[in-house]
Amino acid sequence: FFEVKSGAQSTYQIDYQDSVCEGNPVNFVVNYNGDGPFDISYKVNGTVTNLVNQIGTSTFSAVAGVSGPIKFYGFFDRGRQCAITDTTSLPILVGQRPTGVISGIDTICEGKPGQIFINLTGTGPFTVDLDVNGGTQSFPNLKKGLNTIIVSPTVTSNYTILRIVDSFKPFGCEAINMSGN
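What comes next is a walk through the structure. Note that the coordinates shown come from a computational prediction; the quantities given were computed from them, not determined experimentally.

**Some words on the pattern of salt bridges**
Argument step 1. Summed over the entire model, instances satisfying the criterion amount to two salt bridges.
Argument step 2. Notably, a salt bridge pairs Arg 163 with Asp 129, separated by 3.0 Å at the nearest N-O pair. Taken together, the residues Arg 163 in strand β15 (residues 159-165) and Asp 129 in strand β12 (residues 126-132) connect sequence positions 34 residues apart.
Argument step 3. In this structure, Arg 163 and Glu 174 form a salt bridge, with 3.0 Å as the shortest nitrogen-oxygen distance. With a gap of 11 residues between them, Arg 163 in strand β15 and Glu 174 in strand β16 (residues 174-176) connect regions that are remote in the sequence.
Argument step 4. Judged by relative accessible area, Arg 163 falls into the partly exposed class, the value being 31%.
Argument step 5. Classification of Glu 174 as partly exposed rests on a relative accessible area of 33%.

Pasting the structure below:
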C-alpha cells in the first residue's frame, strides 16, 4: 500500500520597513499560511545566504549594513514539508550614522565670545546636543561640513558632543558619544 497526500500549498507575504539606520535591525513580518515551523533563506546585498530556522512566530530581524536589497530565496514549511522557491527582492535604504568632531579655541577672555567648530557628516540638517559642564545645550539646523558656533561662557567650560541626529528619512539616524571636547 502506497499513499500520496496532497495538501494546500503554503504561502507567505513579507511586510518590512524600507529604510533603517546603519547597524539597526530591519524587522520583517512574515504573514504565512501553513503548518510551520518555517525556514526562510535570504541574502543581504547578494552576500552570504542567511537562514532563519524553525520560526514559529511571524516576526524576525536582519541587521542591515549598507543600502541594497535583501533577497529572499526560499520558504520551507516543515509541518507540510513544502518548499516555495522565491526570488523576491526587497529594497532597503540604509542611512549611515552621522559623525561629528568638535574643536575650538582653548582660551578666551572673560566676557568675550569664543568659537566652537563642529564638523558633521551624514544627511543634514542636523541637531547636535552638547554637554556643557554637565548641562545640555541643543543646536538644531546645523549643516553638513564645518559649523561655527559662537559661545560666551561665564566660567571655564568643557563642550562635548552628546548626540547627533541627522535628517535621514523617514526618521533621523542618531550617533552618541562623538570625539573631541
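**So, the nonpolar core**
Argument step 1. Grouped together as the largest cluster of nonpolar side chains are 18 residues, with contacts concentrated most on Tyr 12, Ile 14, Phe 28, Ile 70, Phe 72 and Phe 75.
Argument step 2. Where this core is concerned, the elements lending two or more residues are β1 (11-16), β3 (25-33), β4 (38-44), β7 (68-77) and β9 (89-95).
Argument step 3. With four residues, β4 is the largest single contributor of residues to this core.
Argument step 4. One finds Phe 126, Leu 130, Ile 149 and Ile 161 within the second-largest nonpolar core, a separate group that totals 15 residues.

Thresholds, definitions, all that
Residues numbered from 1 in each chain as written. Predicted model: local features only at pLDDT ≥ 70, side-chain atom pairs only at ≥ 80, totals over all residues. Heavy atoms only, no water. Salt bridge = Lys/Arg side-chain N within 4 Å of Asp/Glu carboxyl O. Helix = DSSP H or I, 4+ residues; strand = E, 2+ residues; numbered from the N terminus. Buried < 20%, exposed > 50% of the residue type's maximum accessible area, 1.4 Å probe, protein only. Core = buried A, V, L, I, M, F, W, Y, C linked by side-chain atoms within 4.5 Å.

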